[in-house]
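# Architecture and fold: a report
If you want the building blocks of each chain, they are given just below.
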Amino acid sequence: MSTEVKALSAKPEPEIPRRPWHSNWRDYVVYIGFVVIFIAFAILLQDRGFLSSNNLLNILRQTAIVAIVAMAMSFVLSAGEIDLSVGAIAGLSSVVAGLVLMQYGLAAGIFAGLALGLVVGAINGTLTAYLNIPSFLVTLGMMGIARGVGMWVSGTAPVPIVDDTFVYVFGSGNIGPIPVLVVWVAILGTIAHLALRKTPFGRKVMSAGGNAVAARYSGINVRKIKFQVLLLTGVAASIAGMLYAGRLQSGRFQLGEGDELSVIAAVVLGGTSLFGGRGTVVGSIVGALLIGVINNGLILGGLDYSQQLIARGLLIILAVALGRSR
């Protein structure tokens, strides 16, 4: 082979040029929307205390629990599945943790709350991954079951929580000026982001959701991945339930009701595809914050609960539309 032929064969392949950010602006819509809406409320509601430190901390507290569940939901949607039972699991976990805490102490209460999430998540994962029942139907049914069990074991009455340590760690405490809820989001958010972006598990989740057949031919156990992500949301929802219980100092079956809609909207607005193969934890957290800012602004603006529901519904429709366009 001549020197010229060798030189040609060693010539590097041309790099594929990256698209500028503005050519795919939908990837950044949650960040743009957050800034625009925050500035709009800051101007329109400046005389109602929107920018006060107390109000801003309230927004962080109110959105922290949704953000924690949204982190886990990012994995589920990226894997091409969905979990509608997270709100009901949160309510049931708060009740179970409260009842066990009252009878057997702090450690047993925390263990019971987490175990509840593990068991329900394992049931959802097994039915979806190994019995091939669509996750939409499985988790829709589990939503009703968890809500009913919560009503049954609590007698529809709140379960009081008087353990100061539990209340401090799960929701009501502060580390200096920073609410404990924000610390939970920072820690779990960092772990979830690294797991999705930097680990083989995260890459397998994306592959399983993007093209399950190709993932199987690549040696990925797609069933196992789908089981694991639904197990993950079960645990995240149980943590959310205990955070609700600690913040309100009581376990109630109603806690988390409707959160599944806010969580899915936050995740899809944040840039995770509703149809699998694409996900971002950071975007999901910002999406939860965006929803929190909107809810807070509507309350300060004098809108009643029914109007807030309408706004939330419109936001979900927008999120799904953007998900399809991505």
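Please refer to the structure higher up on the page.
Everything in this summary refers to the structure shown in the same document. Here the structure is a predicted model, which is why all the values come from computation and not from measurement.

The rules behind each value
- For every chain, the first residue of the written sequence is number 1, and numbering continues from 1 along that sequence.
- Since the coordinates come from a predicted model, pLDDT governs what is reported: local features require at least 70, and pairs of side-chain atoms require 80 or more to be given and counted, while whole-chain, interface and lining totals use all residues.
- Side-chain descriptors were evaluated using all non-hydrogen atoms of the structure, hydrogens and water having been removed beforehand.
- Counting from the N terminus, the helices are the DSSP runs of H or I reaching at least four residues and the strands are the DSSP runs of E reaching at least two.
- Each residue gets one of three labels from its accessible area relative to the maximum for its type: buried under 20%, exposed over 50%, partly exposed in between, using a 1.4 Å probe on protein chains only.
- Contact definition: two residues touch when any of their heavy atoms are within 4.5 Å.
- Throughout, the Shrake-Rupley method with a 1.4 Å probe supplies accessible areas, and for residues the shown protein chains are the sole cover considered.
- Of the two site types, the cavity is a set of points on a 1 Å grid over the protein atoms alone where a 1.4 Å probe fits but cannot get out, and the pocket is an open set with protein on both sides within 12 Å along at least five of seven lines, each lined by residues with an atom within 4 Å of a point.
- Grid points are joined across faces, edges and corners, and a volume is the space filled by probe spheres set on the points.
- A patch consists of residues whose relative accessible area exceeds 30% and which take part in no salt bridge; residues with like charges are grouped when within 9 Å of each other, and nonpolar side chains (Val, Leu, Ile, Met, Phe, Trp, Tyr) when within 5 Å.
- The rule for a salt bridge is simple: a side-chain nitrogen of Lys or Arg has to be within 4 Å of a carboxyl oxygen of Asp or Glu.

### Some remarks on the overall build of the protein chain
- From N to C terminus, the protein chain includes 14 helices and 4 strands.
- Within the protein chain, the fraction of its 326 residues that count as buried is 46%.
- Excluding contacts between residues fewer than 6 apart, the proportion of contacts in the protein chain whose partners are at least 24 apart in sequence is 78%.
- As displayed, the protein chain has an accessible area near 16100 Å², and 66% of this comes from carbon and sulfur atoms.

### Some remarks on empty space enclosed by the protein
- Evaluation of the coordinates by the stated rule reveals 1 cavity of 30 Å³ or more.
- The calculated volume of the largest cavity comes to roughly 30 Å³.
- If you trace the largest cavity, you find it lined by Val 69, Val 86, Gly 87, Ala 90, Ala 240, Asp 259 and Val 263.
- Elements represented by at least two residues in the lining of the largest cavity include exactly helix H4 (86-104) and helix H12 (259-269).

### Quick look at the environment of Asn 296
- In this structure, Asn 296 sits in helix H13 (residues 281-300).
- A residue is classified by how much of its surface remains accessible, and Asn 296, at 6% relative accessible area, is buried.
- For Asn 296, the contacting residues outside a window of four places in its chain are Phe 50, Asn 55, Ile 59 and Gln 62.

### With respect to the environment of Leu 261
- As for its position among the elements, Leu 261 is in helix H12.
- In this structure Leu 261 comes out as partly exposed when scored by relative accessible area, which is 44%.
- With 52 residues separating them along the chain, Leu 261 and Gly 313 place their C-alpha atoms 8.6 Å apart.

### Notes on a nonpolar patch on the surface
- Judged by side-chain polarity, Tyr 130, Leu 131, Ile 133, Phe 136, Leu 137 and Leu 140 come together as a nonpolar surface patch covering roughly 560 Å² of accessible area.
- In this fold, Tyr 130 is placed in the loop between helix H5 (106-129) and helix H6 (135-154).
- The class for Tyr 130 is partly exposed, based on a relative accessible area of 40%.

### Re the pattern of salt bridges
- Scanning all chains against the criterion turns up 1 salt bridge.
- The shortest N-O distance in the salt bridge between Glu 81 and Lys 226 comes to 2.9 Å. Of this pair, Glu 81 sits in the loop between helix H3 (53-78) and H4 while Lys 226 sits in helix H11 (residues 222-248), placing them 145 residues apart in sequence.

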